[in-house]
Structures are given as C-alpha cells and as structure tokens.
Amino acid sequence: ATPPSSNITTSERKWKIDPLTDEPSITSKCYLDVKVGDNEPRRIIIGLYGKAVPKVARNFEELCQGSSSFKYAGSEVYRVLAGMNVQGGAVAGSKGKVGKSTYGEPFTPENFDIRHSRRGLVSMVRNPDGTVDSRFFVQTQDDAGYLDGRYVA
C-alpha cells in the first residue's frame, strides 16, 4: 500500500491496507517443517506482511526461528476443522488454549485489514480480549470472508 502523502517521515507513517483494492506485499519469509504421522517432514514457507502488520510478522518470524525461549519447533497441530483451517502454534503445550508471544504478553495486532480471500493464508488466533500470541491457523478454503475484520493475517 502506498502511504498517504504528508510531511511526516517514513518512520512515522502508519501503513494502511485498503482491503478492497490493495494486496499486501511480502517483506520476509520464514518456514515451518511439518511432520504428519510417520512421514518425512515437509517444509512450508510462509510469506510475512511486515509493512501491514510489523509486530505480528516479527512475532511469527521469531517463533519460527526459535529466537526466544519458546518456538514453534516441536509444537503440534491441535485442531483441524475440515474444509476451513488447521490450527497450531500453542507453544505453551496447552492443546490450543494458551499461546505465548515473543513480546512477553499477548499483544493487540496492528489491524485486521487483510482479506481472507485465498487458501494457504496464515492468520493469528484471537484471544477473547482481542489480543494475539503464538497460536495461528492456516486457511484451507479459497474464500473465508467471514474471517475478515476478525483475524489478522
């Protein structure tokens, strides 16, 4: 998205995605090695929207890299909703009830503007108070518009 023109510096601009016209740009990539049953692990590469949601992207990337005392490596998929999504990232070993953030506490995401319009999109699971932590889901359907405005991608 193009930042609004003004006299503020680039570091002061708030990036805003217009969900009807803008496609967010991938600023970095990370990966998860996923093992299903006795099969060999397969690598899933995930593009992150660091300009649109910098705190969320940084948190996810650091959990993938294992930069903090907890990481996605070794965690399990805790829920599969057939035809909808696959959920994982409960690094606290809580079977999906609690996650952890690299910021210490769950945090409020920057926005919910990215549309859930394609299969493979990764979004963060929301806590009842609207914050996010390490838990995420991978969208398995092409159009999940019912998630728009509710979950950060």
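The following paragraphs examine the structure supplied in this document. (Residues numbered from 1 in each chain as written. Predicted model: local features only at pLDDT ≥ 70, side-chain atom pairs only at ≥ 80, totals over all residues. Heavy atoms only, no water.)

Side note on a nonpolar patch on the surface
Here comes step 1: On the surface, Leu81, Met84 and Tyr146 cluster together into a nonpolar patch covering about 240 Å² of accessible area.
Here comes step 2: Checked against the element boundaries, methionine 84 lands in the loop between strand S3 (79-81) and strand S4 (85-88).
Here comes step 3: Overall, the relative accessible area of 33% leaves methionine 84 in the partly exposed class. (Patch = residues over 30% accessible without salt bridge, like charges linked within 9 Å, V, L, I, M, F, W, Y side chains within 5 Å. Areas by Shrake-Rupley, 256 points an atom, 1.4 Å probe, with all protein chains shown as cover. Salt bridge = Lys/Arg side-chain N within 4 Å of Asp/Glu carboxyl O. Helix = DSSP H or I, 4+ residues; strand = E, 2+ residues; numbered from the N terminus. Buried < 20%, exposed > 50% of the residue type's maximum accessible area, 1.4 Å probe, protein only.)

As for the pattern of salt bridges
Here comes step 1: Tallying each qualifying case throughout the model produces five salt bridges.
Here comes step 2: Salt-bridge contacts for aspartate 33 lead to arginine 43; the nearest nitrogen and oxygen are separated by 2.8 Å. Pair noted here: aspartate 33 is in strand S1 (residues 28-34) and arginine 43 is in strand S2 (residues 42-48), with a separation of ten residues, a long-range link.
Here comes step 3: Taking the relative accessible area as the measure of exposure, aspartate 33 reaches 46% and is therefore partly exposed.

Considerations on the sheet that holds S4
Here comes step 1: Within the open sheet, the four strands sit side by side as S3-S4-S6-S5. Their pairing is antiparallel. The two strands at the open ends of the sheet, each matched to only one other strand, are S3 and strand S5 (122-126). Neighbour to neighbour, the strand axes of the sheet diverge by 30 degrees on average, direction disregarded.
Here comes step 2: Relative to S4, S3 runs antiparallel, the two being bridged by three bridges. Each bridged residue has a counterpart across the sheet, and for arginine 79 the counterpart in S4 is glutamine 87.
Here comes step 3: Packed on one face of the sheet, helix H1 (residues 54-65) meets S5 and strand S6 (132-139) and runs near 100 degrees to S5. (Pairing = 2+ DSSP bridges. Axes fitted to C-alpha atoms, helices over the stretch in contact; angles between N-to-C directions. Contact = heavy atoms within 4.5 Å.)

Side note on the nonpolar core
Here comes step 1: Ranked by internal contacts, the top residues of the largest apolar core, which has 24 residues, are Leu32, Ile46, Phe60, Tyr72, Met124 and Phe136.
Here comes step 2: Counting residues per element, the ones that place at least two in this core are S1, S2, H1, S5 and S6.
Here comes step 3: A per-element tally of this core places H1 first, with five residues.
Here comes step 4: Each residue touching phenylalanine 136, except ones within four places of it in the same chain, is listed here: Leu32, Phe60, Tyr72, Val86, Gln87, Gly88, Gly89, Val122, Ser123, Met124 and Val125.
Here comes step 5: Counting six residues, the second largest nonpolar core, distinct from the first, contains Tyr78, Ala90, Ala144 and Leu147. (Core = buried A, V, L, I, M, F, W, Y, C linked by side-chain atoms within 4.5 Å.)

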